[in-house]
Amino acid sequence: MPILIDERTRVLVQGITGYQAEFHTQRMLEFGAKVVAGTRPGKGGTAVHAVPVFDTVAEAVAQTGATASCLFVPAAAAKDAAMEAIAHRLDPVVIITEHLPVHDAVAVMAYARAQGVRVIGPNCPGLTSPGRCKMGIMPNHLFRQGPVGVVSRSGTLTYEIVAALTRASIGQSTAVGLGGDPVVGMSFEDALALFGQDPQTEAVVLIGEIGGSAEEAAARHIAAGFPKPVVAYIAGRTAPPGKRMGHAGAVISGSEGTAASKIEALTAAGAAVADLPGQVAGLVQARLRA
Amino acid sequence: MKLHEYQAKEVFARYGIPVQRGVVISRPDEVDRLDLRYPVVVKAQVLVGGRGKAGGIKLAANPGEARRHAQAILGMSIKGERVTRLLVAEAAKIEKEYYLAFTLDRAARRMVAIASAAGGIDIEEVARATPERIAKHSVDPSLGFLPFHARELGAAIGLRGDHLTAFAALAASLYRLTVQEEAELAEINPLAVADGKLVAVDAKLILDDSAAFRHKDRPTNEEMTDLERAAREAGLSYVELDGDLAVIGNGAGLVMSTLDVVAHFGGRPANFLDVGGGATTENMTAAMEIVLRKPGVRALFINIFGGITRCDDIARAIAARPPRVPVAVRLTGTNEEEGRRILEGAAIHAFIGPEEAAQEAVRLARGARS
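For clarity, every value in this text was computed on a predicted model and none was experimentally measured.

(A) Spotlight on the overall build of chain A. Within chain A, the regular secondary structure consists of 9 helices and 14 strands. Dimensions of chain A, computed from C-alpha atoms along their principal axes, come out at roughly 55 × 40 × 30 Å. Counting the 290 residues in chain A, one finds 62% classified as buried. Expressed as a percentage of contacts within chain A between residues at least 6 apart in sequence, the contacts between residues at least 24 apart total 73%. Carbon and sulfur atoms provide 52% of the accessible area of chain A, an area that totals close to 9,900 Å². Mean positive and mean negative side-chain charge positions of chain A (23 and 23 charges, respectively) differ by 4 Å.

Okay, here's the thing in structure tokens:
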């Protein structure tokens, strides 16, 4: 079994009429995801790639039985759209949108917690369970089904490492992109907890980067008895302090958030930490055999 | 975006937070025209920390002394940042120093209020050495920061009587500011007791860039270099570094890792440019133009993993205007064969593996150096 999404997931795409959303809806359908509905206020009654479009999430859920939502809504309207999805308890709510204001993200996460809904992102590539479902923008052709769970704060670095795994004939159970913002919903620990219980997942690849302390928290989770091997890679070893390295959340502030601290914590917890992204697949292979 | 102290104090004053009277000047002779009560403090307005230790803050008993300090500090370089403005403020007779801030707690996904009776020094140091001297309150965004939260926080750092009441009102104002201005950090260090009253002697404000669209009245971002600003206007993410190898990649994590791989093989990145997901030929052309504008660049490393980004689009940009310095290209993913063919037409070899491409880039930068 994959985690979070599978062949039973009925996907709603919020903001489906936008350029990016339309493009990626097509890719999700090609991947085999059950995209059952879209929303765009004012465009109810139309369709995108034969997917019916509704004005409200309430109507979309009532008429199509959508269970999860993927947001391509522009930043200025994304908080409202996320609240709408959370109000109707779609789960997970995947926020692809970049540049969501931090105070909006804080409000969204508080409401999601109150409603018991899992939010992934914002500023993330979404998640992919090969052979079953995809929500988001990860390139279809990179994946194959298999035993490795992937959880990451970076999009393209995930693609790089997943492609290397697939080249080495190591498939994936689910790849989850957590997002590059300072405030995101799902954390490494949340994803690890799910991978830990998932019978399909035999090992986990954790891709972190500078900023915050999410990797250190993940290390504590691993040290507390995580049952499967973990291979990690941390980007930003040479990043200067105080500079935002492309992601809003990738910044070393004061003494917090350095790659060294994350690598040390993960290594001490028993994870194998690769020096170069190209070493990850080999480290995984060795642990799958063991 | 980080504001200068004087800008932050202007915002604080708008929210009724007491700050010292002061004026911003950019020439020493402006001191003569100031209507301030002496002694005054002359403070360098720079965005980097540690200006006091660097000699950027001086006390002056009279206008002559203030002018001499202004002369010395203006034009000074503090951690590479040139001082072009000074804040001249009436000095406070400080009886006691506290600390108060609202900042983002990433792990809790909430804002947190932090207060301490150990003000005036580095709060990270206080947190490390004497964590018991720090009081915190995690703000539930659905409740907000209520008056009783403020009183509890003040009481926890030992405030009593009028000071406690004044602190609670001030903390409530600072929270209102944090939310309305969409700050990631609003910090007062020190929050001083002077002449029996609370006053913000220093002020630090970092505003959320993503919220800028709702705040048209914000001052210009002075944190960025000219190239960083040009990149932002082109919709690209750029960071200036101090080496000689320009680096372009797609996706923040991939570019960060590219810098690490370059350093691993002994290279020194000159900059960091993320063309983003779904980069077009135009984005790539703009990206090359920006990274090569930096003086001292000896070679260029382009590391593209085509997912949504198409390798042929990237190759077209490179082939149309081959860079003026030697270039190493790593190109793989969507439409890779077409991209490779286009580059070969321009006599540029494209690598598939990022590590061999990085080694070639480092070699090119070295070769150009000799």
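Next, the rest of the story.
(B) Spotlight on helix α8 (residues 281–293) of chain B. Taking 1.5 Å of rise per residue, 13 residues should cover 18 Å, and α8 of chain B covers 19 Å from first to last C-alpha, within 8% of that figure. On its buried side, α8 of chain B packs onto α6 (226–233), β13 (237–240), β14 (245–249), β15 (271–274), β16 (299–306) and α9 (311–320) of chain B.

(C) Layout of the side chain of arginine 153 of chain A. Residue and element names in this part refer to chain A. Mapped onto the elements of the fold, arginine 153 is located in the loop between β10 (145–152) and α5 (155–167). Owing to a relative accessible area of 6%, arginine 153 belongs among the buried residues under this scheme. In this structure the side chain of arginine 153 is engaged in a polar contact, spanning 2.7 Å, whose partner is the side chain of glutamate 215. Of note is the side chain of arginine 153, whose polar atom sits 3.5 Å from the backbone oxygen of glycine 249.

(D) Representation of the domain arrangement of chain A within the structure. All names here are of chain A. In terms of domain boundaries, chain A breaks down into domain 1 (10–120) and domain 2 (139–289). The distance between the C-alpha centroids of domain 1 and domain 2 comes to 26 Å. A buried area of about 840 Å², summed over both sides, lies between domain 1 and domain 2, and 68% of it is on carbon and sulfur atoms. For domain 1, the biggest contributors to the area lost against domain 2 are Phe31, Met109 and Ile120; these three give 49% of the whole. Summed over the shared surface of domain 1 and domain 2, the number is 0 salt bridges. For the pair domain 1 and domain 2, the interface holds 2 residue pairs in polar contact (both at pLDDT 80 or more). Those elements giving two or more residues to the side of domain 1 that touches domain 2 turn out to be α1 (19–31), α4 (102–115) and β7 (119–120). Split by residue class, the side of domain 1 that touches domain 2 holds 8 nonpolar, no polar and 3 charged.

(E) Representation of the interface of chain A and chain B within the structure. On the chain B side, the residues contacting the 57 residues of chain A number 45 residues. Of the roughly 3,900 Å² buried where chain A meets chain B, counting both sides, 60% is carbon and sulfur surface. The interface formed by chain A and chain B includes 4 salt bridges. Between arginine 330 of chain B and glutamate 160 of chain A there is a salt bridge, with its nearest N and O atoms 2.6 Å apart. Taken together, the connections running from chain A to chain B amount to 16 residue pairs in polar contact (both at pLDDT 80 or more). Listed by contribution, the elements that provide at least two residues to the side of chain A that touches chain B are α1, α4, α5 and β13 (230–235) of chain A. Counting residues per element, the side of chain A that touches chain B draws most heavily on α4 of chain A, at 7 residues. For the side of chain A that touches chain B, a count of residues per class yields 28 nonpolar, 19 polar and 10 charged.

(F) Seen up close, the packing of helix α3 (residues 75–87) of chain A against α4 of chain A. Residue and element names in this part refer to chain A. With their axes 10 Å apart at the nearest point, α3 and α4 run at an angle of 0° to one another. Judged on the interaxial angle alone, α4 and α3 are roughly parallel. Residues Lys79, Ala82, Met83, Ile86 and Ala87 of α3 touch α4, and the partners they reach there are Asp104, Ala107, Val108, Tyr111, Ala112 and Gln115. Residue classes in the contact of α3 with α4 are distributed as 8 nonpolar, 1 polar and 2 charged.

Thresholds applied
- All chains use their own residue numbering, which begins from 1 and follows the written sequence.
- As they are written, the chains are lettered A onward and the ligands numbered 1 onward, keeping that order.
- Local features are withheld for residues below a pLDDT of 70 in this predicted model, meaning they are given only at 70 or higher, and side-chain atom pairs are given and counted only at 80 or more; totals for whole chains, interfaces and linings count all residues.
- Derived side-chain values reflect all non-hydrogen atoms in the structure, with water molecules and hydrogen atoms excluded from consideration.
- Where helices and strands are cited, they refer to DSSP runs of H or I of at least four residues and of E of at least two residues respectively, numbered from the N terminus.
- Burial classes: relative accessible area under 20% of the type maximum marks a residue as buried, over 50% as exposed, and values in between as partly exposed (1.4 Å probe, protein chains only).
- By definition, residues are in contact when any of their heavy atoms lie within 4.5 Å.
- Throughout, the Shrake-Rupley method with a 1.4 Å probe supplies accessible areas, and for residues the shown protein chains are the sole cover considered.
- When charges are counted, neither His nor the chain ends are considered; positive counts come from Lys and Arg and negative counts from Asp and Glu.
- Every charge is mapped onto a representative atom, which is NZ of Lys, CZ of Arg, CG of Asp or CD of Glu.
- In this scheme, a helix's expected span is set at 1.5 Å multiplied by one less than its residue total.
- Pairing of N or O atoms within 3.5 Å defines a polar contact, subject to two protein rules: one partner must be a possible hydrogen donor and the other a possible acceptor, and residues neighboring in sequence count only if both atoms are side-chain atoms.
- The source of the domain bounds is an automatic or database domain assignment.
- Once two parts are joined, some of their accessible surface, as seen by a 1.4 Å probe, is lost; buried area is that loss totalled over both.
- For salt bridges, the criterion is a side-chain nitrogen of Lys or Arg within 4 Å of an Asp or Glu carboxyl oxygen.
- Residues are grouped as follows: Ala, Val, Leu, Ile, Met, Phe, Trp, Tyr, Cys and Pro are nonpolar; Asp, Glu, Lys and Arg are charged; all remaining types, including Gly, are polar.
- A fitted line through C-alpha atoms represents every axis, and for helices the fit uses only the stretch in contact; the resulting angles, taken between N-to-C directions, go from 0 to 180 degrees.
- Working rule for angles: under 35 degrees goes down as roughly parallel, over 145 as roughly antiparallel, 65 to 115 as roughly perpendicular, anything else as oblique.

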